[in-house]
Amino acid sequence: MPKMNEWERELFLKQLDKLHGRFDQRENMLKLPFSSPGYHTTLTGGEVHPTRQSLEYAVALYDAEIPELEKRAAAVLDKILSLQDTDPESKTYGIWSWFLEEPLSMMSPPDWNWADFCGAMLLEILLDHGHKLPPELLSRVRTAVAHASRSIIRRNVGPEYTNIAIMGTFVTLTAGQALGNAEFTNYGKGRLRRFYDHTMQHDGFTEYNSPTYTLVAIRELGRILTYV
């Protein structure tokens, strides 16, 4: 991630402190009140262990650059890696469930976007903090990124799905670069070209054109500029 100035770092650490109390040492994940947009999950309430937010927490722990937090970050990362579907013959290959409490087989339906969201965060860890990881954990991160990239290629969303079209481009381009995989690189380049041509044809982002989705699109384009 870009280097933070003193004010940004102080604010970042204050926000990170709020999450420490939500860390479940037994599961090595965050434990949060259930919330959902009303689809994909069959759960209705209680407290849950979310995969995406827990992985975001691991990224933040590494970004804090505080050595004593790195052991916790590695524990969270280890847990999240264990929850990915790694069977190439599976319909949900390369993705994660939303919650520890609800495996992929129980979701209605599973969310293939999790290959994009989780893959992008794993790449941030790999590129920014890979030198901090034990060799075995580093190897597992690289393997998980490859699984996520193959899932993204298999799904092959169109350029009209703006935020995921960009995010999947970031994952495949960056995975190709980090893993030395020409298949991922070539796919990512082609996908970026298709997205660019589609956006120019329509004179803007086509997905909802909402503040929420536009911020996601800008963030993902920023990731491409930063890492590729």
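Residues numbered from 1 in each chain as written. Predicted model: local features only at pLDDT ≥ 70, side-chain atom pairs only at ≥ 80, totals over all residues. Heavy atoms only, no water.

Novice: Please set out the environment of alanine 73 residue by residue, giving values where relevant.
Specialist: Examined against the element boundaries, alanine 73 turns out to sit in helix α3 (residues 67-82). With 63 residues separating them along the chain, alanine 73 and glutamate 10 place their C-alpha atoms 20 Å apart. Excluding residues within four positions of it along the chain, alanine 73 makes contact with Ala58, Leu61 and Tyr62. (Helix = DSSP H or I, 4+ residues; strand = E, 2+ residues; numbered from the N terminus. Contact = heavy atoms within 4.5 Å.)

Novice: An account of the packing of helix α5 (residues 135-155) against helix α6 (residues 162-179) is needed here, citing residue identities and associated values.
Specialist: α6 packs onto α5 with a crossing angle of 135° between their chain directions and a minimal axis gap of 10 Å. By the angle between their directions, the pair α5 and α6 is classed as oblique. Like other packed secondary-structure pairs, α5 and α6 cross with a definite hand, here left-handed. Packed against α5, whose contacting residues are Arg142, Val145, Ala146, Ser149, Ile152, Ile153 and Arg155, the element α6 presents Ile164, Gly168, Val171, Thr172, Ala175, Ala178 and Leu179 at the interface. (Axes fitted to C-alpha atoms, helices over the stretch in contact; angles between N-to-C directions. Parallel < 35°, antiparallel > 145°, perpendicular 65-115°, else oblique. Left-handed = near helix turned anticlockwise from the far one by under 90°.)

Novice: Residues and numbers for the nonpolar core, please.
Specialist: Counting 63 residues, the largest nonpolar core has Leu16, Leu55, Tyr62, Leu77, Leu122 and Val141 as its most contacted members. Leave out the neighbours within four places in its chain, and leucine 16 touches Tyr57, Ala60, Leu61, Ala64 and Leu69. (Core = buried A, V, L, I, M, F, W, Y, C linked by side-chain atoms within 4.5 Å. Buried < 20%, exposed > 50% of the residue type's maximum accessible area, 1.4 Å probe, protein only.)

Novice: Explain α5 to me, and be specific about the residues and the numbers.
Specialist: Residues that lie three or four places apart on an α-helix share one face, since the helix turns once every 3.6 residues. With 21 residues, α5 extends 31 Å between its outermost C-alpha atoms, agreeing within 8% with the 30 Å of an ideal straight helix rising 1.5 Å per residue. For α5, the full list of buried residues reads Leu137, Val141, Ala144, Val145, Ala146, His147, Ala148, Ser149, Ser151, Ile152 and Ile153. (Expected span 1.5 Å × (residues − 1).)

Novice: Which residues make up the environment of glutamate 10, and what values do they have?
Specialist: By secondary structure assignment, the location of glutamate 10 is in helix α1 (residues 6-20). Separated by 133 residues in the primary sequence, glutamate 10 and threonine 143 have C-alpha atoms spaced 34 Å apart.

Novice: Please set out the environment of glutamine 25 residue by residue, giving values where relevant.
Specialist: If you trace the backbone, glutamine 25 turns up in the loop between β1 (23-24) and β2 (29-30). Residue class for glutamine 25 comes out exposed when judged on its relative accessible area of 63%. Sequence separation between glutamine 25 and alanine 182 is 157 residues; the distance between their C-alpha atoms is 39 Å.

Novice: With reference to specific residues and values, describe the packing of aromatic side chains.
Specialist: With the rule as written, the count across this model stands at 7 aromatic pairs. Grouping aromatic residues by their ring pairs yields a cluster made of Phe34, Trp98, Phe99, Trp114 and Phe117. It is arginine 52 that lies over the ring of phenylalanine 117; its NZ or CZ is 4.0 Å from the centre. Sitting over the ring of tyrosine 187, arginine 194 keeps its end group 5.9 Å from the ring centre. (Phe/Tyr/Trp six-rings, centres within 6.5 Å; stacked < 30°, edge-to-face > 60°. Lys NZ or Arg CZ within 6 Å of the ring centre and 35° of its normal.)

Novice: Go over helix α2 (residues 51-63), please, and point to the residues and values.
Specialist: Taking 1.5 Å per residue as the helical rise, α2 with its 13 residues ought to reach 18 Å, and the 18 Å between its terminal C-alpha atoms agrees with that figure. Summarising burial for α2: 10 of the 13 residues are buried, a large majority. Looking only at α2, the buried set comprises Thr51, Ser54, Leu55, Tyr57, Ala58, Val59, Ala60, Leu61, Tyr62 and Asp63. Its buried side turned inward, α2 meets α1, β1, β2, α3, α4 (113-129) and α5. In the segment just after α2, glutamate 65 is the residue with positive phi, at about 55°.

Novice: Help me get a handle on the pattern of salt bridges, residues and values and all.
Specialist: According to the stated counting rule, one finds 14 salt bridges in the structure shown. Lysine 14 is the partner of glutamate 10 in a salt bridge, and the nearest nitrogen-oxygen pair spans 3.7 Å. Here glutamate 10 and its partner lysine 14 are both found in helix α1, 4 residues apart, which amounts to about one turn of the helix. Note that aspartate 78 and arginine 140 form a salt bridge whose closest N and O atoms lie 2.5 Å from each other. With a gap of 62 residues between them, aspartate 78 in helix α3 and arginine 140 in helix α5 connect regions that are remote in the sequence. (Salt bridge = Lys/Arg side-chain N within 4 Å of Asp/Glu carboxyl O.)

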